[in-house]
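Coordinate inspection notes
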Amino acid sequence: MTAIATVSNNQRYAHSVAASKRVRWDIEKDVIRGRRFDPTRKFLPDGLSLAGEFTILSPDEKRFVSQIQGRTYANIFGLVERFINAKVLELSHDHWFGDQVALEALVRFSDEELKHQALFRRIDAMIGDVLPPGYRFDLDANAVAHAVLGKSTWAVLALTLDIELFTQSHYSQSIAPDPELSELFKDVFLYHWKEESQHAILDELEWVRIDAEVGAAARDRAVDEFLELVAAVDRILQAQARADAAYFAAACGRAVPEGEARAIEAAFLRAYRWQYIHSGARHPHFGKVLTSLITGRQGERIQAALATLQ
Ligand SMILES: [Fe+2]
Ligand SMILES: [Fe+2]
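Attention here is on the structure that accompanies the text. None of these values were measured; they are calculated from a predicted model.

Under the definition given, this model contains 23 aromatic pairs. The interplanar angle of 70° and the centroid separation of 5.9 Å between the aromatic rings of Trp 25 and Tyr 191 together place this pair among those described as edge-to-face. A residue pair is termed long-range when its members are at least 10 positions apart, and Trp 25 in the loop between helix H1 (3-23) and helix H2 (27-32) and Tyr 191 in helix H8 (residues 183-211) qualify at 166 residues. Tyr 191 matches Trp 25 in its accessibility class, with the two residues each being buried. Taking 6.1 Å as the distance between ring centres and 85° as the angle between the ring planes, the aromatic pair formed by Trp 96 and Phe 97 counts as edge-to-face. Trp 96 gets classed as partly exposed once you look at its relative accessible area, which sits at 43%.

Shown next, in the form of structure tokens:
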């Protein structure tokens, strides 16, 4: 790495620390503020829940779908932030006796992800208070983290940057004017985005740093591992789309015919693939960083794999 690149990277870690201090928020005092979820409001905006895909459902049923997806949103983030935090703590080891500002940036990153997991546990419980019983999210965050962390750091950081950039796209969706959207859920997007913006910068710095230590053959394997991770995310989304569609059918207050149930499950899956795979993979900055690290053929492999998840 050149001296100029090192200086500007040091500055980027320093900017990240400064921004982290400036935007720091508290779960109860800033986000929740004594509020409860209002079940007459949507939790996820239409651009994320893909409300238009649930063509057979009434407006009230589409609102229920957005509330189910909101609860799953909290649970999916609680899940992925477990492995993200473990990887960040592992990466901090490389900075223990180096740039202390970079170390502080990663320590703050880790601290924030622990807080976000607590926020999402709180949100899950609060939504549970206002929605009908029977919702299920059966994945174990630690088991998923162990599986993810079995892959190379290059692959895990690729997935992590993807995730932390899509929280920014999700925030943009949530600020679209929509009087039916829950103010509390809008604040969840807002406050999460405020800290995730720094995380995405740090993911990129760490990914590029790790990439520089990886040879061509190892990087080629890591591209495959990244695709294995995306496929694992997709299996999680398929299972949750099935669970959430079954919960919808059991709790929506009417009999749902078999064919309609299948269409609802397919729409849940399209929404989840959009939220957790494509909104990150299509993020221009993710594409830019990824393209700078891989060959054209590796890029084609990634695009071909993503195209199968429609
Ligand atoms: Fe987070
Ligand atoms: Fe994050």
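A packed helix pair is summarised by two numbers, namely the angle formed by the two axes and the spacing between the axes. Interaxial distance between helix H9 (residues 216-251) and helix H12 (residues 296-307) falls to 11 Å at its minimum, and their mutual angle equals 10°. Here H9 lies roughly parallel to H12, going by the angle between them. Within the contact between the two elements, H9 uses Arg 219, Asp 220, Val 223, Asp 224, Phe 226, Leu 227 and Val 230 and H12 uses Gln 298, Arg 301, Ile 302, Ala 305 and Leu 306.

Turning to the coordination of the iron ion (ligand 2), a few remarks are in order. Taken together, Glu 113 (OE), Glu 164 (OE), Glu 196 (OE), Glu 196 (OE) and His 199 (ND1) make up the full set of protein donors to the iron ion (ligand 2), lying 1.7 to 2.3 Å away. Read from N- to C-terminus, the donor residues coordinating the iron ion (ligand 2) fall into the pattern E-x50-E-x31-E-x2-H. In this structure, the iron ion (ligand 2) lies 3.4 Å from the iron ion (ligand 1), and both are coordinated by Glu 113. Here Glu 196 lies in helix H8 and Glu 113 lies in helix H5 (residues 100-130), a separation of 83 residues in the sequence.

Only Glu 81 (OE), Glu 113 (OE), His 116 (ND1), His 192 (NE2) and Glu 196 (OE) from the protein reach the iron ion (ligand 1) as donors, at distances of 1.9 to 2.4 Å. Sequence positions of the donors to the iron ion (ligand 1) reduce to the motif E-x31-E-x2-H-x75-H-x3-E.

Quick look at unusual backbone geometry now. Positive phi is not limited to glycine here, since Arg 33 has a value of about 50°. In this structure Arg 33 comes out as partly exposed when scored by relative accessible area, which is 45%. The backbone of Leu 50 shows a phi angle near 50°, a positive value even though the residue is not glycine.

Once that is clear, we can look at the nonpolar core. In terms of nonpolar packing, the biggest core is built from 93 residues, with Phe 185, Trp 207 and Phe 268 touching the most fellow members. If we skip the residues at most four places from it in the chain, Phe 268 touches Phe 54, Val 65, Ile 68, Gln 69, Ala 241, Asp 244, Ala 245 and Phe 248.

Here we come to the pattern of salt bridges. A complete count under the given rule lists 28 salt bridges for this structure. Between Asp 220 and Arg 301 there is a salt bridge; the shortest N-O distance is 3.0 Å. Of this pair, Asp 220 sits in helix H9 while Arg 301 sits in helix H12, and the two are 81 residues apart along the sequence. Residue classification places Arg 301 among the partly exposed residues on the basis of a relative accessible area of 28%. As a salt-bridge pair, Arg 262 and Glu 258 come within 3.1 Å of each other at their nearest N and O atoms. Taken together, the residues span about one helical turn, with Arg 262 and Glu 258 both in helix H10 (residues 258-281) at a distance of four residues. On the basis of relative accessible area, Arg 262 is assigned to the exposed category, the value being 52%.

Relative to each other, helix H4 (residues 59-92) and H8 sit at 30°, their axes nearing to 12 Å. With respect to H8, the element H4 is oriented roughly parallel. H8 is crossed by H4, and the crossing has left-handed handedness. Together, Gly 70, Tyr 73, Phe 77, Glu 81 and Leu 91 of H4 and Phe 185, Phe 189, His 192, Glu 196, Glu 206, Arg 209 and Ile 210 of H8 make up the contact between the two elements. A class-by-class count of the residues in the contact of H4 with H8 yields six nonpolar, two polar and four charged.

Criteria and thresholds
- Counting of residues starts from 1 at the beginning of each chain's written sequence and follows it residue by residue.
- Chains and ligands are labelled sequentially in the order written, the chains with letters from A and the ligands with numbers from 1.
- Given that the model is predicted, a residue must reach a pLDDT of at least 70 before its local features are reported, and side-chain atom pairs must reach 80 or more before they are shown or counted; all residues, however, enter totals for whole chains, interfaces and linings.
- Side-chain metrics in this entry use all non-hydrogen atoms of the structure; hydrogen atoms and water are not considered.
- Centres within 6.5 Å are what make two rings of Phe, Tyr or Trp a pair, Trp counting through its six-membered ring; a difference in plane orientation under 30 degrees is then read as stacked, over 60 as edge-to-face, and the rest as tilted.
- A helix here means a DSSP run of H or I that spans at least four residues, while a strand means a run of E at least two residues long, and both kinds are numbered starting from the N terminus.
- Buried residues are those whose accessible area, probed at 1.4 Å on protein chains only, stays under 20% of the maximum for their type, while exposed residues exceed 50% and partly exposed ones sit between those limits.
- Only the contacting stretch of a helix is used when fitting its axis, a line to C-alpha atoms as for every element, and angles between N-to-C directions run 0 to 180 degrees.
- Here the angle decides the label: under 35 degrees means roughly parallel, over 145 means roughly antiparallel, 65 to 115 means roughly perpendicular, and every other value means oblique.
- The criterion used for residue contact is that any of the two residues' heavy atoms lie within 4.5 Å.
- The donor set comprises N, O and S atoms within 2.8 Å of the metal, extended to 3.2 Å for Na, K and Ca; water molecules are omitted, so apparent gaps in a site may simply reflect that omission.
- The term nonpolar core refers to a set of buried residues drawn from Ala, Val, Leu, Ile, Met, Phe, Trp, Tyr and Cys, joined through side-chain atoms within 4.5 Å.
- Salt bridges are defined by distance alone: a side-chain nitrogen of Lys or Arg within 4 Å of a carboxyl oxygen of Asp or Glu.
- When the near helix sits turned anticlockwise from the far one by under a right angle, the crossing is termed left-handed; a clockwise turn instead gives a right-handed crossing.
- Polar here means any residue outside two lists: the nonpolar Ala, Val, Leu, Ile, Met, Phe, Trp, Tyr, Cys and Pro, and the charged Asp, Glu, Lys and Arg; Gly therefore counts as polar.

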